[in-house]
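# Tertiary structure, described
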Amino acid sequence: MNIGILNLQGAVSEHYNITKKAIKNMGIDADVKTVRYAEDVAKCNALIISGGESTVIGKLIAVRGIDKVIKEKNIPVFGTCAGMVLLGKKTDFDQPLLGIMDISVKRNSYGRQKDSFETSIQIFGSEYPGVFIRAPSLEGYDKSKDDIKVLSRFEGKIIAIQQGSNIALSFHPELTEDTSIHEYFIREVLNSS
Ligand code: GLN
């Protein structure tokens, strides 16, 4: 298995490190690489899109043709924060999106940078340290799709959602020591292939 961490902008090295740690914990044979171009993404069986600035990342994805590769090869994507924005079909901004999940996303849903916060959230029946930095939340999702699963809510807002093997989170698991969500994504990809 080849896991790519999209290295265009944002919290890339943190995702790289925690993905390595997740693989080690799981005892599986997988390779993690940071990827910048469509031809590198094409070699991945799974891709992680970090937090950062979704407009910048989205423009580079489009200019480099990375969106086409992801769609043609049906590469599962795990998107955190800005990554969640990019996975959606719609946001409250006019910006290029991947649009591979039937969700609509509200950017900066909790306010500005100074309103960023850490809190304990619930996911997979356990407590998880939720780090929210100018985080988006889910405006809505297509309830007619039976492959969509809400994974977590916080104060009534959806903060984690899955469609097929694609997973979108409002928060930043890569800024914690907890590998459980990365492990979950990797397992979902392995189970679906
Ligand atoms: N607010 C950013 C955006 O919408 C996301 C912030 C983040 O990834 N920490 O692009």
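Worth saying up front: this structure is predicted, and the values here are computed from it rather than measured.

Each value, and the rule that gives it
Residues numbered from 1 in each chain as written. Predicted model: local features only at pLDDT ≥ 70, side-chain atom pairs only at ≥ 80, totals over all residues. Heavy atoms only, no water. Helix = DSSP H or I, 4+ residues; strand = E, 2+ residues; numbered from the N terminus. Rg over C-alpha atoms; globule rule 2.2 N^0.38 Å. Areas by Shrake-Rupley, 256 points an atom, 1.4 Å probe, with all protein chains shown as cover. Expected span 1.5 Å × (residues − 1). Buried < 20%, exposed > 50% of the residue type's maximum accessible area, 1.4 Å probe, protein only. Arc of directions from axis to C-beta. Contact = heavy atoms within 4.5 Å. Salt bridge = Lys/Arg side-chain N within 4 Å of Asp/Glu carboxyl O. UniProt positions renumbered as here; feature names shortened; annotations may be inferred. Polar contact = N/O pair within 3.5 Å; in protein donor to acceptor, adjacent residues only side chain to side chain.

## Remarks on the overall build of the protein
- Regarding its fold elements, the protein presents six helices and 12 strands.
- For the protein, whose C-alpha radius of gyration is 15 Å, the value lies close to the compact-globule estimate of 16 Å for 193 residues.
- Only carbon and sulfur atoms are counted for the fraction: they give 46% of the accessible area of the protein, which is about 8,900 Å².

## What to know about helix α6 (residues 180-192)
- Taking 1.5 Å of rise per residue, 13 residues should cover 18 Å, and α6 covers 18 Å from first to last C-alpha, within 8% of that figure.
- Residues of α6 that are buried include every one of Ile181, His182, Glu183, Tyr184, Phe185, Ile186 and Val189, and no others.

## Regarding helix α1 (residues 12-26)
- The terminal C-alpha atoms of α1 lie 21 Å apart, and with 15 residues this matches the ideal 21 Å at 1.5 Å per residue to within 8%.
- Taken together, the buried positions of α1 are occupied by Val12, His15, Ile18, Thr19, Ala22 and Ile23. What you see down the axis of α1 is that its buried residues fit within an arc of 145°, all on one side.
- Each element contacted by the buried residues of α1 is listed here: β1 (2-6), β2 (31-35), β3 (46-49), β4 (77-80) and α6.
- Once α1 ends, the next one or two residues include Gly27, with phi positive near 65°.

## Topic: the pattern of salt bridges
- Under the counting rule described, the total for this entry stands at seven salt bridges.
- Taking the shortest distance from any N to any O, the salt bridge between Lys33 and Asp31 comes out at 2.7 Å.
- When salt bridges that share partners are traced, they join Glu53, Arg107 and Arg134 into one network.

## Let's talk about the UniProt feature "binding site: L-glutamine" (unreviewed entry) in the protein
- Under the local residue numbering, the UniProt record ascribes the feature "binding site: L-glutamine" (unreviewed entry) to Gly52, Glu53, Ser54, Arg107, Ile133 and Arg134. Separation in sequence by 83 residues is not matched in space for these annotated residues, since their most distant C-alpha atoms are only 12.9 Å apart.
- Within the fold, Gly52 resides in the loop between β3 and α3 (54-63).
- For Gly52, the contacting residues outside a window of four places in its chain are Gln9, Gly10, Ile57 and Ala82.
- With respect to the helices, strands and loops of the structure, Arg134 is situated in the loop between β8 (126-132) and β9 (137-141).
- Apart from residues lying up to four places away in sequence, Arg134 is in contact with Glu53, Cys81, Asn108, Gly111, Arg112, Gln113 and Ser116.
- Side chain to side chain, Arg134 and Glu53 meet in a polar contact 3.1 Å long.

## Re the environment of Thr80
- In this fold, Thr80 is placed in strand β4.
- Judged by relative accessible area, which is 0%, Thr80 ranks as buried.

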